[in-house]
Amino acid sequence: MIPSNTELAMLTVLILILFWFYILNKSRIISRYLRPLAIFVIVSLAIASGGIVSAQVTPNPAPLNNITSLPSATSGDPTPANPPLLTAVPQPSNLGDFVDNQKALLQLGKALFWDMQLGSDGIQSCASCHFHAGVDTRSKNQISPGVLASLKDTTFQVAGGANYQLTAADFPFHKLADPNDRTSTLISDTNDVASSQGVFYSVLKNTVPGQAVDSATSEPDPDGFQVNGINLRRVAPRNTPTIINAIFNKLQFWDGRAKETFNGVNTKGAADLNAKVYKATKPKQLTAVSISLNNSSIASLVTGPLLSEFETSAEGRTLPQVGAKFLRKKGQKIKSLRPLGKQFVDQQDSVLGSDSRSRQPGLKIASYDQLIRKAFKKEWWKSKSIIQVDSNGTPTILAKNDDDNESEEGQTLPANQFSLRDWNFSLFSGLAMQKYISTLVSDKTPFDQFQAGNINALTDQQKSGLTVFVNNTANGGGNCNTCHAIPEFTRASVRRTAGVASTDSSDPLINNATNGFFGNYGVRPASDDPGAGNTTTSLFKAPALRNIGLTAPYMHNGGMATLEQVVDFYNRGRGDDGGPGVAPLNLTDAKKADLVAFLRNGLTDQRVLLEQAPFDHPQLFIPNGHPGNQNSVTSSGNTNGTPTATDQLVEIPAVGRNGVTTPKPNFLGL
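Residues numbered from 1 in each chain as written. Predicted model: local features only at pLDDT ≥ 70, side-chain atom pairs only at ≥ 80, totals over all residues. Heavy atoms only, no water.

Q: What exactly am I supposed to notice about the pairing of strand β10 (residues 285-289) here?
A: The side chains of a regular strand alternate between the sheet's two faces. Strand direction decides the pairing type here: strand β9 (residues 277-282) and β10, joined by 5 bridges, are antiparallel. Bridge pairing in β10 places K279 opposite T287. (Pairing = 2+ DSSP bridges. Helix = DSSP H or I, 4+ residues; strand = E, 2+ residues; numbered from the N terminus.)

Structure below.
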């Protein structure tokens, strides 16, 4: 675990209390027995405390003690030339106002994240795009056309169609005759994006309580995800970033749209003054309240994909409707959706193992309602009242439920009426999945061990690569650390941006490069995808780099398949967007190889590679394109509208806390 300042303070207080107790009771008899014990405990704790403190302040080993590739200093990072060890991000300061049981919160979060029943199709989960080192390694039907371009482009330029099987030869997407010379002959270029397939395009009718598959109408895909009039699974328009170590990001997504303050409802944070959840001030009285939780950009993030028609949702779905599907209708034989009801959970799962049903899918916990009641304070889920939504989306409170249920599970409600538990599902899912994702910290890489004082943790080649990473070009380096600042390996970290808020004038978290978002960085023209900017100046976040050897393809467009291609891009001075680029790095082949060795192996946590706790997980079935190719697919025989292609599912087996012995292959086996 990463020690926090709070833990150190508590340890110091404990030492002082023990010392005070000794002084207070130092009579001859008590002193005879207590003194040796007190001294032993005090010295032991002092040593432990000193060890922790010294781990924070011990001078970095070379070359980390004299970094020349420097980001601007900030109030949170006053000495970037001598970076600290990775430090835990505190939980939201007011989390206790909402949560009763942190263990149940973690269980709820992990179950929801991996549960295939969350998707409108009963297949697509959050984990479907984050199952390998926090990313997606599928390579068939993983191309999205230029749908974010200023002039929307729905043509597929890579191999001419959707459902294409990518190969290593397709990369990089911007291909030059000489990868070291950005002015050399251009062989090929595309505005396509390598990303992650999600759901088929459909329009929601309603979610059905107790049913994993939502009632929806299949309609012709508006963005070109079709073969011969048959809809294919859609592919998100940006490459999937890892969720491992996401807790260190101040903002989430490539464009930073998931804000650091969680409003309980959506991604917009404190900027959305209309975002409100309901609180039961009395059993039959609900009050709409605005809430704010700091250090909660992951909770903000969670609310996005659950409603995305590219990722998990039919168009038009709301988060209260997602919550409602987990209910049981009173008087009918439809049972609640059992958590992970389609998936096996290993009995040695580090979070859910004690509730595994062994050879049966799902958890012993019969419903999500039980986990919500256990995890959260009653005022956020217990009420006799009902929330009715009119055709304009305006809610009205009805005093409807007069039975003895603590929550509304088991109650028959019209499609436009919701229980308090349904309505606040955005709050529950956001905080629960944030709790789970915050445990996915890979802080045991060879680099982390090296920085902490084990100078043999990195090989000689990796040390040489680290030297390239932390030095500027004047000192023979690659100037990498200036954007990917150690120890988080990004400028856009909670630590570095301390005291800066999204609501500050001019939004400096995004518009000031000091905070980790960079304009016209050279990957693609701004007109292809502006990110957080506009069609003339794109703005994208510098991602963190731990486990980067496992997380191909790279960049926001997924246009590079290997770290060698990434290093070539920087070495030639960027400029793949057709802009002027910057001065080439002019690294030798040996230095490039050293840098790649550091990135690929020096930043890989073996627990991530081998799926050991906390990176173990339930079973998962993921769509992997469709039988056929970009020219021909077969219809699934669906009867709800436009034909959809037959799925081709791949099993990701359940893994317990001890992980696997053979790592799963990376993207394209590279």
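Q: Which parts of the structure should I look at to understand empty space enclosed by the protein?
A: Where empty space is left in the structure can be found by rolling a water-sized probe over the atoms. Here the structure, examined in full by the defined rule, presents 4 cavities of 30 Å³ or more. A volume near 240 Å³ is recorded for the largest cavity. Every residue lining the largest cavity is counted, 20 residues in all, and those nearest its centre are F131, H132, A133, G134 and F615. Secondary-structure elements contributing two or more residues to the lining of the largest cavity are α3 (102-114) and α14 (606-609). When grouped by side-chain class, the residues that make up the lining of the largest cavity number 13 nonpolar, 4 polar and 3 charged. The calculated volume of the second largest cavity comes to roughly 100 Å³. (1 Å grid on protein atoms, 1.4 Å probe; cavity = no way out; pocket = protein on both sides within 12 Å on 5 of 7 lines; lining within 4 Å. Points joined across faces, edges and corners; volume = space filled by probe spheres on them. Nonpolar A, V, L, I, M, F, W, Y, C, P; charged D, E, K, R; others polar.)

Q: Help me understand helix α12 (residues 563-571), please; the structure alone is not making it clear to me.
A: Counting buried positions over the 9 residues of α12 gives 7, a clear majority of the element. Residues of α12 that are buried: L563, Q565, V566, V567, D568, F569 and N571. Looking at the packing, one finds that the buried side of α12 touches α13 (589-602). Looking one or two residues beyond α12, the residue adopting positive phi is G573, at roughly 90°. (Buried < 20%, exposed > 50% of the residue type's maximum accessible area, 1.4 Å probe, protein only. Contact = heavy atoms within 4.5 Å.)

Q: Please clarify how the side chain of R491 should be interpreted in this entry.
A: Following the sequence through the fold, R491 ends up in the loop between α10 (460-470) and α11 (508-511). The buried charged residue R491 lacks any salt bridge, with D77 as its nearest oppositely charged partner at 8.4 Å. Ignoring any residue separated from it by four or fewer positions in sequence, one finds R491 in contact with P71, T482, C483, A485, R496, T497, A513, T514, N515, G516 and F518. (Lys, Arg positive; Asp, Glu negative; His and termini not counted. Salt bridge = Lys/Arg side-chain N within 4 Å of Asp/Glu carboxyl O.)

Q: What should I look at first to understand the pattern of salt bridges in this one?
A: Once the charged atoms of two side chains with opposite charge are near each other, the side chains can pair. In this structure the tally under the stated criterion is 30 salt bridges. With a closest N to O distance of 3.0 Å, D77 and R495 form a salt bridge. With D77 in the loop between α2 (28-57) and α3 and R495 in the loop between α10 and α11, this pair connects stretches of sequence that are 418 residues apart. As far as burial versus exposure is concerned, D77 and R495 are alike and both buried. The shortest N-O distance in the salt bridge between D422 and R421 comes to 3.7 Å. Owing to a relative accessible area of 2%, R421 belongs among the buried residues under this scheme. Residues joined in a network through salt bridges with shared partners are D77, E488, R495 and R496.

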